[in-house]
Amino acid sequence: MKKIIIDTDPGQDDAIAILLALASPNELEVIGITTVAGNVPLNLTTLNALKILEVADKVNVPVFAGCDRPLRRKLVTAEHVHGATGLNGKQLPAPKIAIKEQHGVDFIIKSLRENESETITLCPLGPLTNIASAMIKAPDIIDKIEQIVLMGGAYFEVGNVTPTAEFNIYVDPDAADIVMRSGVAITMLPLDVTHQVLTTEKRMKRFANLGNEAGKIIASWVSFFEIFDEEKYGSDGAPLHDPCVIAYLLKPELFKGRKVNLQIETQSKLTLGMSVADYWGVTSEKTHPRNVMFIRDVNANGFYDLLTKRLALLP
Ligand code: RIB
Ligand code: CA
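Residues numbered from 1 in each chain as written. Chains lettered and ligands numbered in written order. Predicted model: local features only at pLDDT ≥ 70, side-chain atom pairs only at ≥ 80, totals over all residues. Heavy atoms only, no water.

Looking at this structure, I do not really get the side chain of Lys51. What am I missing?
Within the fold, Lys51 resides in helix α2 (residues 42-55). For the buried Lys51, no salt bridge is present, and the opposite-charge side chain at shortest range is Glu54, 8.8 Å distant. Excluding residues that lie within four positions of it along the chain, Lys51 makes contacts with Leu92, Pro93 and Pro95. (Helix = DSSP H or I, 4+ residues; strand = E, 2+ residues; numbered from the N terminus. Buried < 20%, exposed > 50% of the residue type's maximum accessible area, 1.4 Å probe, protein only. Lys, Arg positive; Asp, Glu negative; His and termini not counted. Salt bridge = Lys/Arg side-chain N within 4 Å of Asp/Glu carboxyl O. Contact = heavy atoms within 4.5 Å.)

So what exactly am I meant to see when it comes to the packing of aromatic side chains here?
How two aromatic rings sit relative to each other is set out by the distance from centre to centre and by the angle between their planes. The tally for this structure, following the rule as stated, stands at nine aromatic pairs. Their ring planes at 75° and their centres at 5.1 Å tell us that Tyr155 and Phe156 sit as a pair that is edge-to-face. Ring geometry for Tyr279 versus Phe294: centroids 5.9 Å apart, planes at 70°, classification edge-to-face. Here the residue Tyr279 occupies a position in the loop between β9 (275-277) and β10 (292-298), and Phe294 occupies one in strand β10, the gap between them amounting to 15 residues. Summarising the burial analysis for this pair, Tyr279 and Phe294 share the class buried. Put simply, the rings of Tyr155, Phe156, Tyr279, Trp280 and Phe294 touch in pairs and so form one group of aromatic residues. Across from the ring centre of Phe156, 3.6 Å away, lies the NZ or CZ of Arg296, which sits over that ring. Lying over the aromatic face of Tyr279, Arg296 brings its terminal NZ or CZ to 5.1 Å of the ring centre. (Phe/Tyr/Trp six-rings, centres within 6.5 Å; stacked < 30°, edge-to-face > 60°. Lys NZ or Arg CZ within 6 Å of the ring centre and 35° of its normal.)

What exactly am I supposed to notice about the site of ligand 1 here?
Neighbouring residues of ligand 1: 13 residues in total, closest Asp13, Leu125, Asn160, Glu166 and Asp242. Within the side chain of Asp9, an N or O atom sits 3.1 Å from an oxygen atom of ligand 1. In the environment of ligand 1, an oxygen atom lies 2.6 Å from a nitrogen or oxygen atom belonging to the side chain of Glu166. For ligand 1, whose accessible area on its own is 270 Å², the fraction buried by protein is 96%. Those elements giving two or more residues to the shell around ligand 1 turn out to be α1 (12-22) and α6 (167-171). In terms of residue class, the shell around ligand 1 is built from three nonpolar, five polar and five charged. (Near = heavy atom within 4 Å. Polar contact = N/O pair within 3.5 Å; in protein donor to acceptor, adjacent residues only side chain to side chain. Areas by Shrake-Rupley, 256 points an atom, 1.4 Å probe, with all protein chains shown as cover. Nonpolar A, V, L, I, M, F, W, Y, C, P; charged D, E, K, R; others polar.)

Help me understand the coordination of the calcium ion (ligand 2) in this model?
Angles between donor atoms at a metal ideally measure 109.5 degrees for a four-coordinate tetrahedral arrangement and either 90 or 180 degrees for a six-coordinate octahedral one. Within the protein, the atoms that donate to the calcium ion (ligand 2) are Asp9 (OD), Asp14 (OD), Asp14 (OD), Leu125 (O) and Asp242 (OD), at distances of 2.3 to 2.6 Å. We note that the donor set of the calcium ion (ligand 2) lies within a single chain, spaced as D-x4-D-x110-L-x116-D. Taken together, the positions of Leu125 in the loop between β4 (120-124) and α5 (129-137) and Asp242 in the loop between α10 (213-233) and α11 (243-250) put the pair 117 residues apart, joining distant regions of the chain. For Leu125, a relative accessible area of 1% translates into the label buried. (Donors = N, O, S within 2.8 Å, 3.2 Å for Na, K, Ca; no water.)

Would you mind showing me how to read a nonpolar patch on the surface here?
Taken together, Phe156, Trp280 and Val282 make up a surface patch of nonpolar side chains, about 370 Å² in accessible area. Residue placement: Trp280 occurs in the loop between β9 and β10. (Patch = residues over 30% accessible without salt bridge, like charges linked within 9 Å, V, L, I, M, F, W, Y side chains within 5 Å.)

Explain the state of the cysteines to me, please; I cannot follow it from the model alone.
By definition, a disulfide links the sulfur atoms of two cysteines through a covalent bond. Enumeration over the complete set of coordinates arrives at zero disulfides. Of all cysteine sulfurs, the one in Cys123 lies closest to Cys67, which takes part in no disulfide; the gap is 18 Å. The cysteine Cys123 is free of any disulfide, with Cys244 supplying the nearest cysteine sulfur at 13 Å. (Disulfide = S-S within 2.5 Å.)

Laid out in structure tokens, this is it:
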């Protein structure tokens, strides 16, 4: 059983990642969800997190609102992809459950201090503002983190929000830089791999025909979420980015990657937020530590089989 904290900016793809984790109680214990500003402002990502828990009928998982803006820069959001609510698709009722009082950053710090060292995995699915803030506020927690498995970055696939940067990193490059330099074991699921798991027509039909309410809701989220990427890339469906993080925890054998030196551009206007991966090892390990497991390949059908089987277990 792996204890995880999901740090998230829902976001339809975040929502499916959260549902996948909640549908896997034998392998994953979601000890809390911390929300961050990203796809949409914090008030909406937080409201969406509560709604997602009610879809899964897992209302005891605590939700903590985190940072409402990046460490240093102005917030950039993505309503053009996710809709004005951030979770456009089937209209969901106002949640009956409420968030906890404690700030998300303080929940991350407290959880790491109170649990046995290296027993909690952090799963960031949005900008890394909360994670970096926790590291700044309480450096003692860095060595207590078992690993960070995050969705973000891009290298061969290049950027999705600028020609060189992926959205989660771009929104808060300073936070991403702090996390990548922290020395924590990091596995990155970048666009290079998430763009291989497209929500094709056939795969969407499997969601819609799951036979549960969750399947219908998920199909409605995806049919909204895929509009933007289908128009942009001319693809059949859109990449299901964030569920790759949870699928990696459940079945790492579906994925392939290598340890690389990875740095974040935090200064240049032209390439701000670029995740520069030394994939071919042209730098020396002495000066450029291999700080990130960069995942580049996935068995897409195996990913969707896992996802569909688990989501079928939801109400
Ligand atoms: O670039 C994709 C990432 O940005 C995903 O996490 C998506 O939810 C958005 O946050
Ligand atoms: Ca996200």
